[in-house]
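Take a look at the letters that make up each chain.
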Amino acid sequence: MEQDFSKVEQAALAALHAIDAEAGLRAWQAAWLGKRSAVALALAGLGQLPAAERPLAGQRANALRLQLEQAHAAHAAALRESGLAASLQAGALDVTLPGRPAARGRLHIATQTLRQICAIWAQMGFQIYRSRDVETEACNFELLNIPPHHPARDMWDTFHTTIVETEACNFELLNIPPHHPARDMWDTFHTTTSGSLLRTHTSPGQIHAMREYAPEPIRVVLPGMCYRYEQITPRSEIQFNQVEGLAVGRGIRFTDLKGTLTDFARRMFGAQTRTRFRASYFPFTEPSAEMDVECFLCGGSGCVVCKQAGWLEILGCGMVHPKVLQNGGYDPAEYTGFAFGMGPERIAMLKYGIKDIRYFWGNDLRFLQQF
Ligand code: PHE
């Protein structure tokens, strides 16, 4: 009997070690450990043996089954390992190499600067007021004290809404006829007023904010894109952001304007930043001014960024013109206010030494990835 077990053991192990692919293992397991295997049959046949032989035969059969199971597990593990090594070699894949870094998105430098400016104004108690990009002639000009044919209109070359999308291009020509149910997918702002235009500055938002809040006091900033029908040059783009500011209330004075804007400059450019105000002209403010900040690159001693002036112009501002207050619904005998408008791209250009405004919307990743 012992001889039989030894033969089974030898044959089984020889067959096992001849297996070089994982598929062979299953067949081996069925043959040598399955229901009809020699070991299983020996265990099943124990009852037919003379009583004296049973304990020994039982022990031997169980020991053999255990041995074969362990040999099977060990061989399976060895095959798996050598299989991995082979496939690694074949594919020349090194799983220990570090992975490729996932590219991270980022905010556009104009958006970053816009948000930084808005965050500072928010800290100073100004609310964000969203105004529209498509404006009426009235809000963009007349109500801001810029009548038709006024020479000041030259300051804002305008895109009239002939370039705003037509019903045809937005819908019909894209196979969306009028009254087609698919129109529900795009809720549309129609430009109802004829003579509408793309806002040339954020100042028309002053009118909207005043008409919404009058006669309550106002402290808002209006960020947004502006459009001008201009030649594109290193210093002027046809689209750019502005952040408009407006404060209206009783007893607001020019000193409030100066103090508030100087505080902003210190929060934006550093606590030591000095400011200076130069007289200027805007139809919707009286008096009007432009604010310069001391050049943060050279500290005022003169360099290429400030063109040796020591000062950088960053915004236009002034006391809200009485006519504009009136157009907004405030009695100019009782209320005063100040307003300002600054360009985030211009501030970013100064801050980062960007020489050409066309980089902002040029979509060149080599530029954008620097910020
Ligand atoms: N709207 C002016 C411009 O675009 C800037 C400005 C805003 C000036 C508010 C004064 C007050 O040039």
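Rules of the game
- Residues numbered from 1 in each chain as written.
- Predicted model: local features only at pLDDT ≥ 70, side-chain atom pairs only at ≥ 80, totals over all residues.
- Heavy atoms only, no water.
- Axes fitted to C-alpha atoms, helices over the stretch in contact; angles between N-to-C directions.
- Helix = DSSP H or I, 4+ residues; strand = E, 2+ residues; numbered from the N terminus.
- Parallel < 35°, antiparallel > 145°, perpendicular 65-115°, else oblique.
- Left-handed = near helix turned anticlockwise from the far one by under 90°.
- Contact = heavy atoms within 4.5 Å.
- Domains from an automatic or database assignment.
- Buried < 20%, exposed > 50% of the residue type's maximum accessible area, 1.4 Å probe, protein only.
- Pairing = 2+ DSSP bridges.
- Expected span 1.5 Å × (residues − 1).

Trainee: What is the right way to look at the packing of helix H5 (residues 109–123) against helix H9 (residues 254–269) in this model?
Mentor: Relative placement of two packed helices is described by the angle separating their axes and the distance separating the axes. Running from N to C, H5 and H9 point in directions that differ by 130°, and their axes come no closer than 10 Å. On the basis of their axis angle, the class for H5 and H9 is oblique. Both H5 and H9 take part in a crossing whose hand is right-handed. For the pair H5 and H9, the contacting residues are Thr113, Gln116, Ile117, Ile120, Trp121 and Gln123 in the first and Thr260, Leu261, Phe264, Arg267 and Met268 in the second.

Trainee: Before we go on, may I ask you to explain the domain arrangement of the protein in this structure?
Mentor: Often the size quoted for an interface is simply the accessible area lost on bringing the parts together. Partitioning the protein into structural domains gives domain 1 (2–81) and domain 2 (109–133 + 201–368). Summarising the inter-unit geometry, the C-alpha centres of domain 1 and domain 2 are found 88 Å apart.

Trainee: Just to check I follow, could you spell out the pairing of strand E7 (residues 285–294) for this structure?
Mentor: Where a strand is regular, its side chains alternate between the two sheet faces. Across the 10 residues of E7, eight count as buried, placing the element largely inside the fold. Direction of pairing for strand E6 (residues 275–282) relative to E7: antiparallel, over a ladder of seven bridges. Looking at the pairing, Ser280 lines up with Ser288 of E7. Counted along the chain from E6 to the antiparallel partner E7, the turn is two residues long. The pairing of E7 with strand E8 (residues 311–320) spans eight bridges and is antiparallel. Each residue of the ladder has a partner; that of Glu290, found in E8, is Gly316.

Trainee: Any chance you could explain H9 here in plain terms?
Mentor: Count 3.6 residues to each turn of an α-helix, and residues three or four apart come out pointing the same way. Between its first and last C-alpha, H9 extends 22 Å over 16 residues, near the 22 Å set by a 1.5 Å rise per residue. Listing the buried residues of H9 in full gives Leu257, Thr260, Leu261, Thr262, Phe264, Ala265, Met268 and Phe269. Phi for Gly270, located one or two positions after H9, is positive at around 120°.

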